[in-house]
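Breakdown of the fold
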Amino acid sequence: MSYVDEVIEQVVKQNPAEPEFHQAVKEVLESLRPVVEANEERYRREALLERIVNPERQLKFRVPWVDDKGQVHVNTGYRVQFNSAIGPYKGGLRLHPSVNLGIIKFLGFEQIFKNSLTGLPIGGGKGGSDFDPKGKSDREVMAFCQSFMTELCKYIGADTDVPAGDIGTGAREIGYMFGQYKRIRGLYEGVLTGKGLTYGGSLVRTEATGYGLLYLTKEMLACNGIDIAGKTVVISGSGNVAIYAAQKAEQMGAKVVTVSDSTGWVYDPDGIDVAALKEIKEVKRARLTEYKNYRPNAEYHDGRGVWSVKCDIALPCATQNELHLEDAKQLVAGGCLAVAEGANMPTTLEATEYLQANKVLFAPGKAANAGGVATSALEMTQNSERLSWTFEEVDAKLQSIMVNIFHNLDDAAKRYGFEGNYVVGANIAGFEKVAEAMLAQGVI
Ligand code: NDP
Ligand code: 2IT
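Each value, and the rule that gives it
- Residues numbered from 1 in each chain as written.
- Chains lettered and ligands numbered in written order.
- Predicted model: local features only at pLDDT ≥ 70, side-chain atom pairs only at ≥ 80, totals over all residues.
- Heavy atoms only, no water.
- Near = heavy atom within 4 Å.
- Polar contact = N/O pair within 3.5 Å; in protein donor to acceptor, adjacent residues only side chain to side chain.
- Areas by Shrake-Rupley, 256 points an atom, 1.4 Å probe, with all protein chains shown as cover.
- Helix = DSSP H or I, 4+ residues; strand = E, 2+ residues; numbered from the N terminus.
- Nonpolar A, V, L, I, M, F, W, Y, C, P; charged D, E, K, R; others polar.
- Phe/Tyr/Trp six-rings, centres within 6.5 Å; stacked < 30°, edge-to-face > 60°.
- Buried < 20%, exposed > 50% of the residue type's maximum accessible area, 1.4 Å probe, protein only.
- Lys NZ or Arg CZ within 6 Å of the ring centre and 35° of its normal.
- Expected span 1.5 Å × (residues − 1).
- Contact = heavy atoms within 4.5 Å.
- Axes fitted to C-alpha atoms, helices over the stretch in contact; angles between N-to-C directions.
- Parallel < 35°, antiparallel > 145°, perpendicular 65-115°, else oblique.
- Left-handed = near helix turned anticlockwise from the far one by under 90°.
- Pairing = 2+ DSSP bridges.

Quick look at the site of ligand 2
- Around ligand 2 sit 14 residues in total, of which Lys90, Gln111, Lys114, Asp166 and Ser376 are the nearest.
- Between an oxygen atom of ligand 2 and a side-chain N or O atom of Lys90, the distance comes to 2.7 Å.
- Against a free-state accessible area of 300 Å², the protein chains account for coverage of 94% of ligand 2.
- Elements that contribute at least two residues to the shell around ligand 2 include exactly strand 3 (89-95), helix 6 (101-117) and helix 16 (371-385).
- Considered class by class, the residues forming the shell around ligand 2 number 2 nonpolar, 7 polar and 5 charged.

Put into structure tokens, the structure is as follows:
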């Protein structure tokens, strides 16, 4: 049996009931076959793949907190410190009822290669909790965040592990967590990114994932002779990534016609009104059913359905496994030219294969959504030098990082004879740097 197949089999056996983690490992290792085959003897002797699929450390802890009625609740907190070969652990904190160890591990594993692709010195990690901030008062969210950080603060630091936002964790949650870290540890340091602008945050971090997604998508299209201006775009999700992806797509002259949340979706034939979307989601924290109050021409539909809308470009920006084979078939039938993942692993393996087989340009999340963590690393740099850069400075750096990422993965794909396969390119380019650093640092 090949080394790659052996390790995949081990991962499935040693990590039962973690399907998302299995999926992420399979996707990465399958596409590393040519690199592994070229170095098989050395990698086997060094147990390189066994080391890369095993987190350096995984923390799981109790998070008790009191609601507004005086009732005590207990959630589970996680932080998986996956790989520190190229820098301190870096990755977001997800707050969503679906969170479990397998989901945090899949996200942490992806983060290793994504962070490597940014070209910046950040290792891979991820954390979170099954706490649901939706429908909670600000005081309840604060109580949870303070309790969560009371335990987490023992394991993180500006030079060891720097968490940030993800699903359910935005500026409000980061603020409460930062305050509690400072209070307990007595350190005013860049231990979290995505901070508010008055206490060490970076301009552009809020917009960075969505903007970066569009910078990379535009470059991918241009390199394939396609102009993004005038194209019709469908987006799923209506959170941080989706909102700023929609904003940048419109600034580039494309027309975004859908957004969604976990209960339904909106079709706006005139183009999504980003200001209205921001007010509904960022200010009111309301549901998308409200969108019709702002735009009477728009349609609201219950359930899922954005991929049934005819489009040139599809940007999944909600969550994992939200674009299935059937959806991919609908996209291809409707003439879709490109899919770029704003979310982490939103496209199933079968759907990805179908899209690629049908010549749809496909940019995987670990490249396409790397603008968020890249700008987090720029926030860390600004914190270290105790300076703040202008919006234009950060935005220019983000643009050049995204364009570089695209060319790195395009080149890696070509080097191994997989021209145009950006999944293979991203995995190889991300892996090469981490592998070299791990081998150089000995058996640790
Ligand atoms: P938000 O919490 O801001 O928004 C998430 C959006 O996705 C909401 O519209 C939410 O709907 C929807 N959603 C979440 N879970 C589900 C689900 N199970 N089914 C259907 N819809 C769902 O998160 P972000 O925008 O920050 O994150 C979106 C994706 O992007 C995630 O995959 C995240 O890991 C990834 N990402 C985020 C980065 C960042 O910087 N924030 C960076 C890189 C990747 P509802 O409100 O109804 O739950
Ligand atoms: O998935 C991701 O890359 C993020 N949620 C952002 C991580 C970060 O550290 O900014």
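Structure's up, so let's keep going.
Description of the site of ligand 1
- Among the 25 residues in the neighbourhood of ligand 1, the closest are listed as Lys134, Asp166, Thr209, Ser262 and Arg287.
- Between ligand 1 and Lys134 there is a distance of 2.7 Å, counted from an oxygen atom to a side-chain nitrogen or oxygen.
- Thr209 places a polar side-chain atom, nitrogen or oxygen, 2.8 Å from an oxygen atom of ligand 1.
- Look at ligand 1: alone it shows 880 Å² of surface, and the protein chains cover 83% of it.
- Secondary structure elements with two or more residues in the shell around ligand 1: helix 9 (205-223) and helix 10 (240-251).
- For the shell around ligand 1, the per-class residue count stands at 5 nonpolar, 13 polar and 7 charged.

Here we look at the packing of aromatic side chains
- Tallied over the full model, the rule gives 14 aromatic pairs.
- Their ring planes at 90° and their centres at 6.1 Å tell us that Phe21 and Phe109 sit as a pair that is edge-to-face. Highlighted residues: Phe21 in helix 2 (residues 19-31) and Phe109 in helix 6, separated in sequence by 88 residues.
- Look at Phe61 and Phe148: their rings are 5.5 Å apart centre to centre, the planes differ by 45°, and that puts the pair in the tilted class. Of the two residues, Phe61 is situated in strand 1 (residues 57-66) and Phe148 in helix 7 (residues 138-152); the sequence distance between them amounts to 87 residues.
- Overall, Phe61 belongs to the buried group, its relative accessible area being 8%.
- Using a relative accessible area of 0% as the deciding quantity, one classes Phe148 as buried.
- One residue, Lys136, lies across the ring of Phe131, its end atom 5.3 Å from the ring centre.
- The cationic tip of Lys248 hangs over the ring face of Tyr211; the distance from NZ or CZ to the ring centre is 4.3 Å.

Focus: helix 10
- The first and last C-alpha atoms of helix 10 sit 17 Å apart over 12 residues, in line with the 16 Å expected at 1.5 Å per residue.
- Counting buried positions over the 12 residues of helix 10 gives 9, a clear majority of the element.
- Residues of helix 10 that are buried include every one of Val241, Ala242, Ile243, Tyr244, Ala245, Ala246, Gln247, Lys248 and Ala249, and no others.
- Each element contacted by the buried residues of helix 10 is listed here: helix 9, strand 6 (232-236), strand 7 (255-260) and helix 11 (274-283).
- Gly253 occupies a position one or two residues after helix 10 and carries a positive phi of about 90°.

Some details on the packing of helix 9 against helix 10
- Where helix 9 meets helix 10, the axes come as close as 7 Å, and the angle between the chain directions of the two elements is 50°. Compared by their axis directions, helix 9 and helix 10 come out oblique. Crossing of helix 9 against helix 10: the hand is right-handed. Residues Thr206, Glu207, Thr209, Gly210, Tyr211, Leu213, Leu214 and Tyr215 of helix 9 form the contact with helix 10, whose own contacting residues are Asn240, Val241, Tyr244, Ala245, Gln247, Lys248, Ala249 and Gln251.
- Considering only residue class, the contact of helix 9 with helix 10 consists of 8 nonpolar, 6 polar and 2 charged.

Points about the sheet that holds strand 6
- Sheet architecture is open: 7 strands sit in the order 9-8-7-6-10-11-12, paired in mixed fashion. Every other strand in the sheet has two partners, leaving strand 9 (299-302) and strand 12 (361-363) as the edge strands with one partner each. Pairs of neighbouring strands in the sheet enclose a mean axial angle of 15°, with direction left out of account.
- Pairing between strand 6 and strand 10 (residues 313-316): 4 bridges, direction parallel. Considered in strand 10, the bridge of Ile235 is made with Leu315.

A look at the side chain of Glu18
- Inspection of the secondary structure puts Glu18 in the loop between helix 1 (3-14) and helix 2.
- Contact partners of Glu18, with chain neighbours within four places excluded, come to Leu101, Gly102 and Lys105.

The values are spatial; any link to function lies outside them.
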